[in-house]
Amino acid sequence: MKNLMVYGLAMLLSFFSNRVLAEGNDYQIELMVFAQNMPNTEVFDQTESQIKWPAGLTELSTYKQADTMALADAYAALSKDPVYKPVIHIAWLQTIAEGASSSPVHIQGAEGALNGFIRIQRGQTLQLIVDLEYAPGQVGSEALIYRLNENRRIKLNEVHYLDHPKFGVVAKISQL
């Protein structure tokens, strides 16, 4: 009986602490992008950007960078695997009001091969909106551009993988 009461109290406290956390507006967004050269039968012929840039695009440098990164070990492991080429690993803090979309954040790789934006939409569910293009090099006279454009329902504190035959995105959104 005592164990049942302790369990019930723990569940009640968990409910209230999760309720308080659910009302917060500050998030850590962590993003890891890597190139991959997996065999596929798809034909890629995009040579011009197709991103529909949203209004209010905010540069990543505007936001406070996160002190810690949960995906650091995964990034280090990818860096050692010759099949993958790390492109970028970033984490920042952003405020997102309940029932609203975050400002779209401009994401660029240091070498200019990666360009696009991400945005979080917070409503009944949490949505991750990603529109990134990766242009790793020249083929003939024009550079091929690979685009990953996805809107995905996500859960807090879970690692999410967005896949493209030529590059991948791993994202984790945590509430502060």
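Preceding this paragraph is the structure being described.
Computed from a predicted structure; not experimentally measured. (Residues numbered from 1 in each chain as written. Predicted model: local features only at pLDDT ≥ 70, side-chain atom pairs only at ≥ 80, totals over all residues. Heavy atoms only, no water.)

Mind showing me how you'd approach the sheet that holds strand β12 (residues 167–175) here?
Whenever strands of a sheet pair, they do so through backbone hydrogen bonds, lying parallel or antiparallel. The strand order across the open sheet formed by four strands is β3-β1-β12-β11, and the pairing between neighbours is antiparallel. Of all strands in the sheet, those with a lone pairing partner are β3 (84–95) and β11 (159–163), marking the two edges. Between one strand axis and the next, the sheet turns through 15 degrees on average, direction left out of account. Here strand β1 (residues 26–36) runs beside β3; their pairing, made up of eleven bridges, is antiparallel. In the sheet register, E30 faces β3, and the bridge partner there is A91. The strands touched by helix α2 (residues 72–80) are β1 and β3; relative to β3, the strand with the most contacts, the crossing angle is about 165 degrees. (Pairing = 2+ DSSP bridges. Helix = DSSP H or I, 4+ residues; strand = E, 2+ residues; numbered from the N terminus. Axes fitted to C-alpha atoms, helices over the stretch in contact; angles between N-to-C directions. Contact = heavy atoms within 4.5 Å.)

Is there a simple way to explain the packing of aromatic side chains in this structure?
Each aromatic ring pair is specified by the distance between its two centres and by the angle formed by the two planes. Evaluation of the coordinates by the stated rule reveals five aromatic pairs. With centroids separated by 6.1 Å and ring planes inclined at 5 degrees, the aromatic side chains of F34 and Y161 adopt a geometry described as stacked. Of this pair, F34 sits in strand β1 while Y161 sits in strand β11, and the two are 127 residues apart along the sequence. Under the relative-accessibility criterion, Y161 is labelled partly exposed at 36%. Ring pairs connect the aromatic residues F34, Y84 and Y161, which therefore count as one cluster. (Phe/Tyr/Trp six-rings, centres within 6.5 Å; stacked < 30°, edge-to-face > 60°. Buried < 20%, exposed > 50% of the residue type's maximum accessible area, 1.4 Å probe, protein only.)

Just to check I follow, could you spell out the nonpolar core for this structure?
Nonpolar side chains in soluble globular proteins tend to be buried together. The biggest cluster of nonpolar side chains holds 31 residues, and the ones touching the most others in it are L31, W92, I107 and F167. Put simply, the parts of the chain that give this core at least two residues each are β1, β3, β5 (105–108), β6 (114–122), β7 (126–134), β10 (146–154) and β12. Once you skip the residues sitting within four places of it in the chain, F167 turns out to touch V33, F34, A35, Q36, L114, L132, Y134, Y146, R147, L148 and L162. M32, F34, L78 and V170 belong to the second-largest nonpolar core, a separate cluster that totals five residues. (Core = buried A, V, L, I, M, F, W, Y, C linked by side-chain atoms within 4.5 Å.)

How should unusual backbone geometry be read in this particular structure?
Most peptide bonds take the trans form, and the phi angle of most residues other than glycine is negative. Its identity is not glycine, yet N157 carries a phi of approximately 65 degrees, on the positive side. Structurally, N157 can be placed in the loop between β10 and β11. Overall, the relative accessible area of 49% leaves N157 in the partly exposed class.

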